[in-house]
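Fold and geometry: a report
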Amino acid sequence: DQQVKQNSPSLSVQEGRISILNCDYTNSMFDYFLWYKKYPAEGPTFLISISSIKDKNEDGRFTVFLNKSAKHLSLHIVPSQPGDSAVYFCAAFERGAQKLVFGQGTRLTINP
Amino acid sequence: DGGITQSPKYLFRKEGQNVTLSCEQNLNHDAMYWYRQDPGQGLRLIYYSQIVNDFQKGDIAEGYSVSREKKESFPLTVTSAQKNPTAFYLCASRDRGRNTEAFFGQGTRLTVV
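Scope of this entry: the structure provided in the associated data block. None of the values given here were measured: they were computed from a predicted structure. (Residues numbered from 1 in each chain as written. Chains lettered and ligands numbered in written order. Predicted model: local features only at pLDDT ≥ 70, side-chain atom pairs only at ≥ 80, totals over all residues. Heavy atoms only, no water.)

Once that is clear, we can look at the side chain of Thr63(A). Residues and elements named next belong to chain A. Within the secondary structure layout, Thr-63 lies in strand β7 (residues 62–67). Accessibility expressed as a relative area gives 9% for Thr-63, which makes it buried. In this structure Thr-63 touches Ile-48, Lys-56, Asn-57, Glu-58, Ser-74, Leu-75 and His-76, once residues within four positions along its chain are discounted. (Helix = DSSP H or I, 4+ residues; strand = E, 2+ residues; numbered from the N terminus. Buried < 20%, exposed > 50% of the residue type's maximum accessible area, 1.4 Å probe, protein only. Contact = heavy atoms within 4.5 Å.)

Each partner contributes to the interface: chain A provides 21 residues, whereas chain B provides 23 residues. Taken together, the two surfaces of chain A and chain B that pack against each other cover about 1900 Å², and 53% of this comes from carbon and sulfur. Across the chain A-chain B interface, the total number found is 1 salt bridge. For the salt bridge of Lys99(A) with Asp59(B), the shortest nitrogen-to-oxygen distance reads 3.3 Å. Here chain A and chain B share 9 residue pairs in polar contact (both at pLDDT 80 or more) between them. At the level of secondary structure, the elements contributing two or more residues to the side of chain A that touches chain B comprise β4 (30–38), β5 (45–51), β9 (86–94) and β10 (99–102) of chain A. The element best represented in the side of chain A that touches chain B is β4(A), accounting for 4 residues. Split into classes, the residues belonging to the side of chain A that touches chain B amount to 11 nonpolar, 6 polar and 4 charged. (Buried area = accessible area lost by both parts, 1.4 Å probe. Salt bridge = Lys/Arg side-chain N within 4 Å of Asp/Glu carboxyl O. Polar contact = N/O pair within 3.5 Å; in protein donor to acceptor, adjacent residues only side chain to side chain. Nonpolar A, V, L, I, M, F, W, Y, C, P; charged D, E, K, R; others polar.)

Here we take up the state of the cysteines. In this structure the tally under the stated criterion is 2 disulfides over all chains. Here Cys23(A) connects covalently by a disulfide to Cys90(A), the sulfurs 2.0 Å from one another. Between Cys23(A) and Cys90(A) the disulfide shows an S-S torsion of about -70°. By sign, it is left-handed. Residue Cys23(A) is found in strand β3 (residues 19–25), and its partner Cys90(A) is found in strand β9; the two are separated by 67 residues along the sequence. Cys90(A) sits in the buried class, given a relative accessible area of 0%. At a sulfur-sulfur separation of 1.9 Å, the disulfide partner of Cys23(B) is Cys91(B). Measuring the twist about the S-S bond at about -75°, one finds the Cys23(B)-Cys91(B) disulfide to be left-handed. One end of the pair, Cys23(B), is in strand β3 (residues 19–25); the other, Cys91(B), is in strand β9 (residues 87–94), with 68 residues separating them in the sequence. Cys91(B) gets classed as buried once you look at its relative accessible area, which sits at 0%. (Disulfide = S-S within 2.5 Å.)

Next up on the list: the sheet that holds strand β1 (residues 4–7) of chain B. Residues and elements named next belong to chain B. Read from one edge to the other, the open sheet built from 4 strands follows the order β1-β3-β8-β7, with strand pairing classed as antiparallel. Of all strands in the sheet, those with a lone pairing partner are β1 and β7 (64–66), marking the two edges. Across the sheet, the mean angle separating the axes of adjacent strands is 20° when strand polarity is ignored. Where β7 lies against strand β8 (residues 76–78), 3 bridges are found, and the strand directions are antiparallel. Along β8, the bridge assignment pairs Tyr-64 with Val-78. (Pairing = 2+ DSSP bridges. Axes fitted to C-alpha atoms, helices over the stretch in contact; angles between N-to-C directions.)

Most of the time, phi is negative for any residue but glycine, and the peptide bond is trans. Residues Val78(A) and Pro79(A) are joined by a peptide bond in cis, for which omega reads -5°. Along the chain, the position of Pro79(A) falls in the loop between β8 (72–77) and β9. In this structure, the amide linkage connecting Ser7(B) to the following residue, Pro8(B), adopts the cis form with an omega of -10°. Looking at the element boundaries, Pro8(B) is found in the loop between β1 and β2 (10–13). The residue Lys71(A) is not glycine, and still its phi comes out positive at about 50°. For Lys71(A), the position within the fold is in the loop between β7 and β8. On the accessibility criterion, Lys71(A) (26% relative accessible area) is partly exposed. One non-glycine residue, Gln98(A), lies in positive phi territory at about 55°. Assignment of secondary structure puts Gln98(A) in the loop between β9 and β10.

What follows is the structure, given as structure tokens:
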């Protein structure tokens, strides 16, 4: 049972435009959400997070939006840069169980 | 400087042999995690530990075992019962008490031949 889902395996965006990556979850006990960026054969690196008590968190070019009623979150990158090309993972944390669950990832390609 | 270290980066083993992957952290984190990544797949949770001498099965624990005898260390053993052990394995740690991110090691690529 996939509790965190990223339904788009890949996304291609032109440099300078906005990239929007989406993530859905099913477990209502998740209370903290994170986005990671990953290159091949390396560990993921943390990008941005959001607590379930908020609906938006912004850090530079990166903004995460959380819609609790829809159990949906999204990552906006604007403007997109070639260095943003990577695989992006959405993750969700269940406080009680201390369980951190990841989605399948979305490969983002920024075209010059 | 603080961090999380996985060793070795590449590991080859013959089919039927058990193999142990190392994960060490000096971040003073209570919680540690093991994930597996297959080509084109996400990160799937194998085992996790909230505190020393305690651990829980994740979503794909069959064929794996762990121990947590020290706060700094969370080794993963891939046993001969694991049907498809060839994969990229990632270890992470996290501060249990706060809303913070998990920090990852650089991963171990295990190839079973």
